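One letter stands for each residue in the lines below.
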Amino acid sequence: MRTARFTSPMDASFRSLNASIGFDRRLLHEDIDGSRAWVEALERRGLVSAEEARAMADGLEAVRAGVAEGRLEFSEELEDIHMNVEALLAETAGRAAAKLHTGRSRNEQVATDLRLYLRSRARAIAADLVGLIDALAGAAEAHFEVVVPAYTHLQRAQPVLFAHHLLAYAEMFLRDRDRFLWAADQADVSPLGAGACAGNQFGLDREFLRDRLGFADLTHNSLDAVSDRDFACDFLHAATLFMVHVSRLAEDVIFWSSSEFGFVELDESVASGSSMLPQKKNPDACELGRGKTGRVLGHMVGLVTTLKGLPLSYNKDLQEDKEGVFDAVDTVNGLIPVFARLISTLRVDRRRAAAALEGGFLEAIGVADYLTRKGIPFRRAHALAGEAVRLAVERNVTLAELTIDDYRRIDAVFDDDLYAAISVNAALESKDVVGGTAPGRVASEIERLRALAARFGREPREASRG
Ligand code: ARG
């Protein structure tokens, strides 16, 4: 900003480099809320009269409304949101406006604004994630009968309920929700009263300011207070892991919806066509979810890198904290409803999924487990099952198509009850542990997630764990 100590104007090139109003205008409401509290603290300390405080409070609300209605406009000359609000206040509140910045620094102000902003955005995202978790639980219920191969190394491994696969993502998003709530708590600390870097010189009541803005706690070191952006890193970390989870879900859906898999079909409302190839129905939503992960991770790495080696206390480098954070908020907010819709409208081809269970020898572990239950040590059982797989490969048949005589030639312990033991149903039913794919267990998990979603709807700030 240009103050009385300067005699010549700022060069236009530097003005545009220096200005943040182009993006920090987004903090208008937080800035006004912070200033409203500040005015009250000034009045309590006798630094402004009751009349002046009233004029400023009304004036600040007039700025809020004037900007929203397009009657008042920001100016790049004024650098940032803080200077712009103060300048507009001079128009709406007259002379009293000149007292607003008494004892205050933009350094504490911007930290306050960003904390208020992230606290509310992180909580809102946590609340929206409940909808996504509920959509996954709903889809798990709707497609409960569908069985798919689970993959390890992208090779068919074992049959699982499709619902079980969907709920894996619900678990990830539950953890993300906890992380966003945690990030909100990290932001929930009031730096007001830290001044430019050394603390407030008028003895303003920091506790009053904290309470007035609903912060849970106070910062305890003014140098740290104006230069700390850890809370923004925490938010970006939560956002990054959320994106990583979205990218993994996206990748699964992209695979599943390919002609090679054909397990699912996207609803037209979340798919796009090709400008050239008439037959195409592309999973662009998934690809964008996957693609935007790099961008959010980039914001996290960017901010951490900005902070690295930054000397105490406030430095203008810190102005670089906002664009990445805002973009991460927008990216996450843009994806949640799309993925909730994509999941709840997914069509599933049960027959294609069932067909994929054949031919991959997914029953092989069932054969080994069958022998183990008959008292054969697992390592030997594993080897015998391997022999059966080799024979089936040679004959180009499935394990269920080998005759009991074939099996008996491998080991006399095999009996007719083998076939039931290696069926898909038996494979599913046998995984009867908490977190296993036995249908009863998966049904309980659906119930658990639905109950959690309902509870979080009522108690939005309750964490899912401890
Ligand atoms: N626009 C600045 C930022 O975003 C506000 C704080 C400026 N403080 C200063 N001493 N120049 O960080």
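Before any of the text, the structure's been laid out above.
Bear in mind that the values here come from a model prediction, so they are computed numbers and not experimental data. Note on numbering: residues in each chain are counted from 1, in written sequence order. Totals for whole chains, interfaces and linings use all residues, but because this is a predicted model, local features are given only for residues with pLDDT of at least 70 and pairs of side-chain atoms are given and counted only at 80 or more. The side-chain values count all of the structure's non-hydrogen atoms but skip hydrogen atoms and water molecules.

**Concerning the overall build of the chain**
And then number 1: When helices and strands are counted, the chain shows 19 helices and six strands.
And then number 2: Each principal axis of the C-alpha atoms in the chain carries an extent, and together these give about 100 × 50 × 40 Å.
And then number 3: Note on contacts: a residue pair qualifies if any of its non-hydrogen atoms lie within 4.5 Å across the two residues. Put simply, 75% of the contacts in the chain that link residues at least 6 apart link residues at least 24 apart.
And then number 4: In this tally, Lys and Arg are treated as positive and Asp and Glu as negative; His is ignored, and so are the chain termini. Each charge is placed at NZ for Lys, CZ for Arg, CG for Asp and CD for Glu. Across the chain, the mean location of the 57 positive side-chain charges is 1 Å away from that of the 71 negative side-chain charges. What counts as a helix is a DSSP run of H or I of at least four residues, what counts as a strand is a run of E of at least two, and both are numbered from the N terminus.

**Focus: the site of the ligand**
And then number 1: Neighbouring residues are identified by heavy atoms, a residue being near a molecule or strand if any of them is within 4 Å of it. Residues in close proximity to the ligand include Ser20, Asp24, Asp80, His82, Arg106, Asn107, Val110, Tyr314, Gln319 and Lys322, which together make up its full environment.
And then number 2: Here a nitrogen atom of the ligand sits 3.0 Å away from a polar atom, N or O, in the side chain of aspartate 80.
And then number 3: Distance and chemistry together define a polar contact, namely a pair of N or O atoms within 3.5 Å, with one atom able to donate a hydrogen and the other to accept it when in protein, and with adjacent residues in sequence counting only for side-chain atoms on both sides. Note that a nitrogen atom of the ligand is positioned 2.7 Å from one of the side-chain N or O atoms of glutamine 319.
And then number 4: With residues, only the protein chains shown are counted as cover, and all accessible areas are computed by Shrake-Rupley using a 1.4 Å probe. Here the ligand loses 86% of its free accessible area of 340 Å² to cover by the protein chains.
And then number 5: In terms of residue count, the dominant contributor to the shell around the ligand is helix α6 (residues 106–142) (three residues).

**Examining helix α14 (residues 364–373)**
For an α-helix, 3.6 residues make a turn, and residues three or four places apart therefore share a direction.
And then number 1: If you check which residues of α14 are buried, you get Ala364, Gly366, Val367, Ala368, Tyr370 and Leu371.
And then number 2: Considering only its buried residues, α14 is in contact with α15 (378–395), α16 (404–410) and α17 (418–421).
And then number 3: With its phi angle positive at about 100°, glycine 375 sits one or two positions after the end of α14. Throughout this description, buried means an accessible area under 20% of the type-specific maximum (1.4 Å probe, protein chains only), exposed means over 50%, and partly exposed covers the range between.

**Some details on the packing of aromatic side chains**
And then number 1: A pair of Phe, Tyr and Trp rings is counted when the ring centres sit within 6.5 Å of each other, with Trp represented by its six-membered ring. The angle between the planes then sorts it: under 30 degrees is stacked, over 60 is edge-to-face, the rest tilted. In this structure the tally under the stated criterion is ten aromatic pairs.
And then number 2: Aromatic pair phenylalanine 261 and phenylalanine 263: ring centres 5.3 Å apart, planes at 75°, arrangement edge-to-face.
And then number 3: What makes phenylalanine 263 buried here is its relative accessible area of 2%.
And then number 4: Sitting over the face of the ring of phenylalanine 215, arginine 119 holds its NZ or CZ atom 5.0 Å from the ring centroid.
And then number 5: Charge over a ring is defined by NZ of Lys or CZ of Arg lying within 6 Å of the ring centre and within 35 degrees of the ring normal. Positioned over the ring face of phenylalanine 456 is arginine 177, at 3.4 Å from the centre of the ring.

**Let's talk about helix α11 (residues 284–307)**
And then number 1: Expected span, for any helix, means 1.5 Å times one less than how many residues it has. Its 24 residues place the ends of α11 35 Å apart at the C-alpha level, agreeing with the 34 Å of an ideal helix rising 1.5 Å per residue.
And then number 2: Ala285, Cys286, Gly289, Thr293, Val296, Met300, Leu303 and Leu307 are the residues of α11 that are buried.
And then number 3: For α11, the elements touching its buried residues are α9 (222–227), α10 (230–257) and α12 (321–344).
And then number 4: Where α11 ends, the next residue or the one after it, glycine 309, has phi of about 75°, a positive value.

**A short note on the pattern of salt bridges**
And then number 1: A side-chain nitrogen of Lys or Arg and a carboxyl oxygen of Asp or Glu constitute a salt bridge if their distance falls within 4 Å. Per the stated rule, a full pass over the model turns up 38 salt bridges.
And then number 2: Aspartate 80 is the partner of arginine 106 in a salt bridge, and the nearest nitrogen-oxygen pair spans 2.7 Å. Of this pair, arginine 106 sits in helix α6 while aspartate 80 sits in the loop between α4 (50–68) and α5 (81–93), and the two are 26 residues apart along the sequence.
And then number 3: One salt-bridge network, held together by shared partners, links Glu265, Asp267, Lys281, Arg341 and Arg347.

**A short note on the packing of α6 against α12**
And then number 1: As a packed pair, α6 and α12 sit with axes 9 Å apart at the nearest point and diverge in direction by 15°. Overall, the two elements α6 and α12 adopt an arrangement that is roughly parallel. By crossing handedness, the relation of α6 to α12 is classed as left-handed. Residues Val110, Leu114, Tyr117, Leu118, Arg121, Ile125, Asp128, Leu129, Leu132, Ala135, Leu136 and Ala139 of α6 form the contact with α12, whose own contacting residues are Asp321, Lys322, Val325, Phe326, Val329, Val332, Asn333, Ile336, Phe339, Ala340, Ile343 and Ser344.
And then number 2: Basically, the charged four are Asp, Glu, Lys and Arg, the nonpolar ten are Ala, Val, Leu, Ile, Met, Phe, Trp, Tyr, Cys and Pro, and anything else, Gly included, counts as polar. Partitioning the contact of α6 with α12 into residue classes produces 18 nonpolar, two polar and four charged. Think of each axis as a best-fit line through the C-alpha atoms, taken over the contacting stretch in the case of a helix, with angles from 0 to 180 degrees between the N-to-C directions. The labels follow the angle: roughly parallel below 35 degrees, roughly antiparallel above 145, roughly perpendicular from 65 to 115, and oblique for the rest. Handedness of each helix crossing follows the sense of rotation of the near helix against the far helix: counterclockwise by less than a right angle gives left-handed, clockwise gives right-handed.

**Here's the deal with the side chain of glutamate 108**
And then number 1: Along the chain, the position of glutamate 108 falls in helix α6.
And then number 2: Notably, glutamate 108 is buried but unbridged: the nearest opposite-charge side chain belongs to arginine 104, and the N-O separation is 6.0 Å.
And then number 3: Setting aside anything within four residues of it in sequence, one finds glutamate 108 in contact with Trp38, Gly103, Pro191, Leu192, Gly193, Ala194, Gly195 and Val226.

**Concerning the packing of α10 against α12**
And then number 1: As a packed pair, α10 and α12 sit with axes 10 Å apart at the nearest point and diverge in direction by 35°. The interaxial crossing formed by α10 with α12 has left-handed handedness. Residue-level contacts link Ala232, Phe235, Leu236, Ala239, Phe242, Met243, Val246, Leu249, Ala250 and Val253 of α10 to Gly324, Val325, Ala328, Val329, Thr331, Val332, Leu335, Ile336, Phe339, Leu342 and Ile343 of α12.
And then number 2: For the contact of α10 with α12, a count of residues per class yields 19 nonpolar, two polar and no charged.

**So, the side chain of glutamine 319**
And then number 1: Tracing the sequence through the fold places glutamine 319 in the loop between α11 and α12.
And then number 2: Here the side chain of glutamine 319 touches serine 20 through a polar contact of 3.3 Å, side chain to side chain.
And then number 3: When neighbours within four sequence positions are excluded, glutamine 319 is seen to be in contact with Leu17, Asn18, Ala19, Ser20, Phe23 and Tyr314.

**Describing the nonpolar core**
And then number 1: Membership of the largest hydrophobic core comes to 118 residues, with the highest contact counts inside it found for Leu118, Phe173, Phe180, Phe235, Phe242 and Leu342.
And then number 2: In terms of residue count, α6 provides more of this core than any other element does, 16 residues in total.
And then number 3: In this view, phenylalanine 180 contacts Ala122, Ile125, Ala126, Leu129, Phe235, Ala238, Ala239, Phe242 and Val332; residues no more than four positions away in its chain are not counted.
And then number 4: Among buried residues, those of type Ala, Val, Leu, Ile, Met, Phe, Trp, Tyr and Cys that are joined through side-chain atoms within 4.5 Å constitute a nonpolar core. Within the second largest apolar cluster, 21 residues are counted, among which are Val367, Leu371, Ala385 and Leu391.

**Quick word on the environment of glutamine 279**
And then number 1: Within the secondary structure, glutamine 279 is located in the loop between β5 (264–265) and α11.
And then number 2: For glutamine 279, a relative accessible area of 60% translates into the label exposed.
And then number 3: As a C-alpha pair, glutamine 279 and alanine 140 span 139 residues in sequence and 29 Å in three-dimensional space.

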